[in-house]
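A look at the structure
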Amino acid sequence: MTDIDPRPSVIEERLRRVKRIIAVTGWKGGIGKSVTASTLALLLAKRGCRTGLFDLDFAGASDHLILGAKGLFPKEEKGLEPPVHEGVKFMSVVFFSENKAVPLRGANVSDAIIELLAITQWGELDYLVLDMPPGINDAALDVMRFARKAEVLAVTTPSVLAHDVLARSMELYRKLNVPVLGVIENMSDGASAPGAAAVIKKDPGLEAALGRPAALLKTAFAKGLARALPALGL
Ligand SMILES: Nc1ncnc2c1ncn2[C@@H]1O[C@H](COP(=O)(O)OP(=O)(O)O)[C@@H](O)[C@H]1O
Ligand SMILES: [Mg+2]
């Protein structure tokens, strides 16, 4: 049956004019994937790059809150055209969940994500940033399978547990031939993850800047991320 699944070729066509896809991943929730993905998208757009951001975290979509994107909805135009917010083409699963927690199980999450990848019209982009569901589960693996160009940007915290899970996840990505741009250790307290390309400290000013993109870009967090980009090949 998989042979006649039209979705891979539809998605390939949809993403054909996207130069690079950056999948921001991490092993669990609450470690800074969304602030990293949202801030990265703002930084790239500010640089003049055509940028998209896609929040794929059904369990905890939050990029719309971080970016203060209220009252937006995609336009129906031979598929869905993402609204533009702060110079970023923005899509989120939250547009389709009406802000309720979405009680989807694994296979349904995968299906919904694949459906959205198939209907979204990104057009011409230099970067598409994906805010991934936490962990390496079916949904995350499907995104990698369908968005073939995706490169992983991993976020971790200083915990020993985090390092261990991260090492195993990176090993899996290597086996799947998914390029890994690097690891950002976020909310660092000084110690750093083995092999971390960048270390971002805990920023007491970040919380107050959420929802206000201009203020967000002035935080120590955003400045730390901006400094880290060259080491990550961005
Ligand atoms: N470096 C940091 N300093 C201070 N707070 C941070 C930092 N990184 C993330 N946070 C905060 O941690 C919380 C979780 O971040 P979030 O990006 O939503 O994580 P995830 O997407 O991994 O669930 C948010 O309230 C965010 O503002
Ligand atoms: Mg998140």
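Residues numbered from 1 in each chain as written. Chains lettered and ligands numbered in written order. Predicted model: local features only at pLDDT ≥ 70, side-chain atom pairs only at ≥ 80, totals over all residues.

**Description of the overall build of the chain**
- What the chain contains, in helices and strands, is nine helices and 10 strands.
- Taking 234 residues into account, the globule formula puts the C-alpha radius of gyration at 17 Å, and the chain, at 17 Å, falls close to it.
- Taken over the C-alpha atoms alone, the chain extends approximately 50 × 40 × 35 Å along its principal axes.
- Going through the 234 residues of the chain one by one, you find that 43% of them count as buried.
- Within the chain, contacts between residues at least 6 apart in sequence are counted, and of these 73% link residues at least 24 apart. (Helix = DSSP H or I, 4+ residues; strand = E, 2+ residues; numbered from the N terminus. Rg over C-alpha atoms; globule rule 2.2 N^0.38 Å. Buried ≥ 20, exposed ≤ 12 C-beta atoms within 10 Å, placed from the backbone. Contact = placed C-beta atoms within 7 Å.)

**Section: helix H4 (residues 106-119)**
- For H4, which comprises 14 residues, the first-to-last C-alpha distance of 20 Å matches the rise-based estimate of 20 Å (1.5 Å per residue) to within 8%.
- Within the span of H4, buried status applies to Val109, Ser110, Ile113, Ile114, Leu117 and Ala118. Buried residues along H4 cover an arc of 165° about the axis, so they all sit on one side.
- Against the buried residues of H4 lie helix H1 (7-14) and helix H5 (138-146). (Expected span 1.5 Å × (residues − 1). Arc of directions from axis to C-beta.)

**A short note on the site of ligand 1**
- By nearness alone, 19 residues border ligand 1, and Gly32, Lys33, Ser34, Val35 and Asp203 come closest of all.
- Within the residue set of the shell around ligand 1, elements represented by two or more residues are helix H2 (33-46), strand E9 (180-188) and helix H7 (206-209).
- At three residues, H2 tops the list of elements feeding residues into the shell around ligand 1. (Near = placed C-beta within 6 Å.)

**Observations regarding the environment of Gly190**
- Tracing the chain through its elements places Gly190 in the loop between E9 and strand E10 (198-201).
- Gly190 gets classed as exposed once you count the C-beta atoms within 10 Å, which come to 7.

**Things to note about the nonpolar core**
- Ranked by size, the top nonpolar core spans 66 residues in total, and within it Ala23, Val24, Val129, Leu130 and Val143 carry the most contacts.
- Per element, the largest residue contribution to this core is eight residues, and it comes from H2.
- When residues no more than four places from it in sequence are discounted, the contact partners of Val129 are Ile22, Val24, Ala37, Leu40, Ala41, Thr51, Gly52 and Leu53. (Core = buried A, V, L, I, M, F, W, Y, C linked by C-beta atoms within 7 Å.)

**Description of the environment of Leu181**
- Considering the arrangement of structural elements, one finds Leu181 in strand E9.
- For Leu181 and Arg212, which are 31 residues apart along the polypeptide, the C-alpha to C-alpha distance reads 28 Å.

**Considerations on the pairing of strand E1 (residues 18-26)**
- Here E1 pairs with strand E7 (residues 125-131) via six bridges, running parallel. Within the sheet, the bridge partner assigned to Val18 lies in E7 and is Leu125.
- Judged from the five bridges that link them, E1 and strand E8 (residues 151-156) form a sheet pairing that is parallel. Residue pairing in the sheet places Gly26 in a bridge with Val155 of E8. (Pairing = 2+ DSSP bridges.)

**Brief notes about the packing of H4 against H5**
- Contact pair H4 / H5: the axes reach a minimum separation of 8 Å and the direction vectors enclose 30°. Here H5 runs roughly parallel to H4, going by the angle between their axes. The handedness of the crossing between H4 and H5 comes out as right-handed. Where H4 approaches H5, its residues Gly106, Ala107, Val109, Ser110, Ile113, Ile114 and Leu117 are matched on the opposing element by Asp138, Ala139, Asp142, Val143 and Phe146. (Axes fitted to C-alpha atoms, helices over the stretch in contact; angles between N-to-C directions. Parallel < 35°, antiparallel > 145°, perpendicular 65-115°, else oblique. Left-handed = near helix turned anticlockwise from the far one by under 90°.)

**Details of the environment of Leu161**
- Tracing the backbone through its elements, the reader meets Leu161 in helix H6 (residues 160-175).
- Looking at Leu161, the number of C-beta atoms within 10 Å reads 11, which means it is exposed.
- Sequence separation between Leu161 and Trp27 is 134 residues, and the spatial gap between their C-alpha atoms is 10.0 Å.

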